[in-house]
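Each chain, letter by letter, is given below.
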Amino acid sequence: MPPQDRTTIHIRITPSLLKRLKIAAAEGERSMNAEVAARLERSFTDDDDNRVIAVRLLTEAASILDKGKA
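Quick summary incoming for the structure in this document. (Residues numbered from 1 in each chain as written. Predicted model: local features only at pLDDT ≥ 70, side-chain atom pairs only at ≥ 80, totals over all residues. Heavy atoms only, no water.)

### So, the overall build of the chain
Okay, step 1: Of regular secondary structure, the chain possesses two helices and zero strands.
Okay, step 2: Relative to the globule expectation of 11 Å for 70 residues, the C-alpha radius of gyration of the chain, 20 Å, shows a markedly less compact shape.
Okay, step 3: C-alpha extents for the chain along the principal axes are approximately 60 × 30 × 25 Å.
Okay, step 4: Within the chain, the fraction of its 70 residues that count as buried is 6%. (Helix = DSSP H or I, 4+ residues; strand = E, 2+ residues; numbered from the N terminus. Rg over C-alpha atoms; globule rule 2.2 N^0.38 Å. Buried < 20%, exposed > 50% of the residue type's maximum accessible area, 1.4 Å probe, protein only.)

Okay, here's the thing in structure tokens:
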């Protein structure tokens with residue numbers, strides 16, 4: 001990603017979470033910034049995919065339930 005497409009944020013985390021991030025970054029051979037960005041990106045992708053599936057299933061279930069009430 002080109003530098004002009006990036007925004008800096010500041011967050012507060014516990015020392016134990018910082019330690020876990022440092023270890024994960026080292027194990028993945030990437031910077032802490034890259035580790036955090038990858039984890040955030042992955043969490044949104046998983047959530048979005050799961051949300052679409054959940055909404056579809058709930059819509060189908062609601063439709064089935066509504067048909068049973070008639």
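There's more to say after this.
### Thoughts on a nonpolar patch on the surface
Okay, step 1: Together, Ile9, Ile11, Ile13, Leu17 and Leu18 make up a nonpolar patch on the protein surface, roughly 430 Å² of accessible area in all.
Okay, step 2: Looking at the element boundaries, Ile9 is found in the segment before helix H1 (15–27).
Okay, step 3: Ile9 sits in the exposed class, given a relative accessible area of 60%. (Patch = residues over 30% accessible without salt bridge, like charges linked within 9 Å, V, L, I, M, F, W, Y side chains within 5 Å. Areas by Shrake-Rupley, 256 points an atom, 1.4 Å probe, with all protein chains shown as cover. Salt bridge = Lys/Arg side-chain N within 4 Å of Asp/Glu carboxyl O.)

### Considerations on the pattern of salt bridges
Okay, step 1: Counted according to the given criterion, the structure contains three salt bridges.
Okay, step 2: Across the salt bridge formed by Arg30 and Glu35, the nearest N and O atoms sit 2.8 Å from each other.
Okay, step 3: Looking at Glu35, the relative accessible area reads 4%, which means it is buried.
Okay, step 4: Put simply, Arg56 and Glu60 hold a salt bridge, and the shortest N to O gap is 3.4 Å. Separated by four residues within a single helix, Arg56 and Glu60 lie in helix H2 (residues 32–69), roughly one turn from each other.
Okay, step 5: Assessed through its relative accessible area of 44%, Arg56 is described here as partly exposed.
Okay, step 6: Look at Glu60 and you get partly exposed, because its relative accessible area is 39%.
Okay, step 7: Connected via shared salt-bridge partners are Arg30, Glu35 and Arg39.

### Remarks on unusual backbone geometry
Okay, step 1: Residues other than glycine seldom take positive phi values, yet Glu29 does so here, at roughly 55°.
Okay, step 2: Here Glu29 shows up in the loop between H1 and H2.
Okay, step 3: Take Glu29: its relative accessible area is 74%, and that puts it in the exposed class.

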